[in-house]
Amino acid sequence: KPLVNPYLAKFDAVVQRGLASLNWSSDGVDEFIKESMEQVKCMHDVLKTMKDNLAQIQDAVKQWDTPMIERAVKPTDTDEFERTFNSMKAAVFSKIKDTGKTIHASLQSTNKALRVSNASTDWKCYVE
């Protein structure tokens, strides 16, 4: 919530004018509606980006939910097991590395949508 608070505060400021002093026959209703809709669109875009990127990250991490090695039906000798394990390990590590790039890109997209500093404590809490 701290990352979207500035957007919520701006929206509240725009809407407050309509709640406090406008009615349907007041001057400036059209401008108020236009400003309000701009703020709603801005909030929608930011939240949709955040939600979509989070779903993308969750889907990427779900790919890691597989056993690193499959159990053999019959016993294998140590050398064969080690060769098999090393090839599987390399494949899994490669998959994790590629998924990490996807996660990084999603986080950068979210950061760009929020327009916050990478050094911000709120951003660091979100990333962690």
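Residues numbered from 1 in each chain as written. Predicted model: local features only at pLDDT ≥ 70, side-chain atom pairs only at ≥ 80, totals over all residues. Heavy atoms only, no water.

Comments concerning the overall build of the chain
Reasoning step 1: Within the chain one finds four helices and zero strands.
Reasoning step 2: Oriented by its inertia axes, the alpha-carbon framework of the chain measures out at about 85 × 30 × 15 Å.
Reasoning step 3: In the chain, buried positions account for 20% of the 128 residues.
Reasoning step 4: Look at the contacts in the chain between residues 6 or more apart in sequence, and 59% of them connect residues 24 or more apart.
Reasoning step 5: With an accessible surface of roughly 9,900 Å², the chain has 57% of that area assigned to carbon and sulfur atoms.
Reasoning step 6: Charged side chains in the chain number 18 positive and 18 negative. The centres of these two groups are separated by 3 Å. (Helix = DSSP H or I, 4+ residues; strand = E, 2+ residues; numbered from the N terminus. Buried < 20%, exposed > 50% of the residue type's maximum accessible area, 1.4 Å probe, protein only. Contact = heavy atoms within 4.5 Å. Areas by Shrake-Rupley, 256 points an atom, 1.4 Å probe, with all protein chains shown as cover. Lys, Arg positive; Asp, Glu negative; His and termini not counted. Charge placed at Lys NZ, Arg CZ, Asp CG, Glu CD.)

Concerning the nonpolar core
Reasoning step 1: Ranked by size, the top nonpolar core spans twelve residues in total: Leu-3, Val-4, Tyr-7, Met-43, Val-46, Met-50, Ile-57, Ala-60, Ile-103, Leu-107, Leu-114 and Trp-123.
Reasoning step 2: Elements that contribute at least two residues to this core include exactly helix 2 (29-62) and helix 3 (78-114).
Reasoning step 3: Leave out the neighbours within four places in its chain, and Val-4 touches Val-46, Leu-47, Met-50 and Leu-114. (Core = buried A, V, L, I, M, F, W, Y, C linked by side-chain atoms within 4.5 Å.)

Some thoughts on the packing of aromatic side chains
Reasoning step 1: Tallied over the full model, the rule gives two aromatic pairs.
Reasoning step 2: Both rings, one in Phe-81 and one in Phe-85, keep their centres 6.1 Å apart while their planes meet at 10°; by these two values the pair is stacked. Pair noted here: Phe-81 and Phe-85 are both in helix 3, with a separation of four residues, about one helical turn. (Phe/Tyr/Trp six-rings, centres within 6.5 Å; stacked < 30°, edge-to-face > 60°.)

Some thoughts on the packing of helix 2 against helix 3
Reasoning step 1: Between helix 2 and helix 3, the shortest axis-to-axis distance is 9 Å and the interhelical angle comes to 170°. Considering their axes alone, helix 2 and helix 3 lie roughly antiparallel with respect to each other. Here Val-46, Thr-49, Met-50, Asn-53, Gln-56, Ile-57, Ala-60 and Val-61 of helix 2 come into contact with helix 3, specifically with Thr-99, Ile-103, Ser-106, Leu-107, Ser-109, Thr-110, Ala-113 and Leu-114.
Reasoning step 2: The residue makeup of the contact of helix 2 with helix 3, split by class, is nine nonpolar, seven polar and no charged. (Axes fitted to C-alpha atoms, helices over the stretch in contact; angles between N-to-C directions. Parallel < 35°, antiparallel > 145°, perpendicular 65-115°, else oblique. Nonpolar A, V, L, I, M, F, W, Y, C, P; charged D, E, K, R; others polar.)

Re the side chain of Ser-106
Reasoning step 1: Relative to the assigned elements, Ser-106 resides in helix 3.
Reasoning step 2: Residues contacting Ser-106, with those up to four places away along its chain left out, are Asn-53, Gln-56 and Ile-57.

So, a negative patch on the surface
Reasoning step 1: Residues Asp-77, Asp-79, Glu-80 and Glu-82 make up a contiguous surface patch of negative charge.
Reasoning step 2: Mapped onto the fold, Glu-82 is located in helix 3. (Patch = residues over 30% accessible without salt bridge, like charges linked within 9 Å, V, L, I, M, F, W, Y side chains within 5 Å. Salt bridge = Lys/Arg side-chain N within 4 Å of Asp/Glu carboxyl O.)

Some thoughts on the environment of Ser-120
Reasoning step 1: Along the polypeptide, Ser-120 turns up in the loop between helix 3 and helix 4 (121-127).
Reasoning step 2: Separated by 117 residues in sequence, Ser-120 and Leu-3 have C-alpha atoms that sit 9.6 Å apart.
Reasoning step 3: At a separation of 3.3 Å, a polar atom in the side chain of Ser-120 contacts the main-chain amide nitrogen of Asp-122. (Polar contact = N/O pair within 3.5 Å; in protein donor to acceptor, adjacent residues only side chain to side chain.)

Topic: helix 2
Reasoning step 1: The terminal C-alpha atoms of helix 2 lie 48 Å apart, and with 34 residues this matches the ideal 50 Å at 1.5 Å per residue to within 8%.
Reasoning step 2: By the burial criterion, the buried members of helix 2 are Val-29, Phe-32, Ser-36, Gln-39, Met-43, Val-46, Met-50, Asn-53, Ile-57 and Ala-60.
Reasoning step 3: Residues of helix 2 that are buried sit in contact with helix 1 (5-21), helix 3 and helix 4. (Expected span 1.5 Å × (residues − 1).)

Digging into the confidence of the model for the chain
Reasoning step 1: The share of residues in the chain with pLDDT of 70 or more is 100%, and the mean pLDDT across the chain is 87.
Reasoning step 2: Confidence, read as mean pLDDT per element, is least for helix 1 in the chain (85) and greatest for helix 2 (91). (pLDDT = per-residue confidence, 0-100.)

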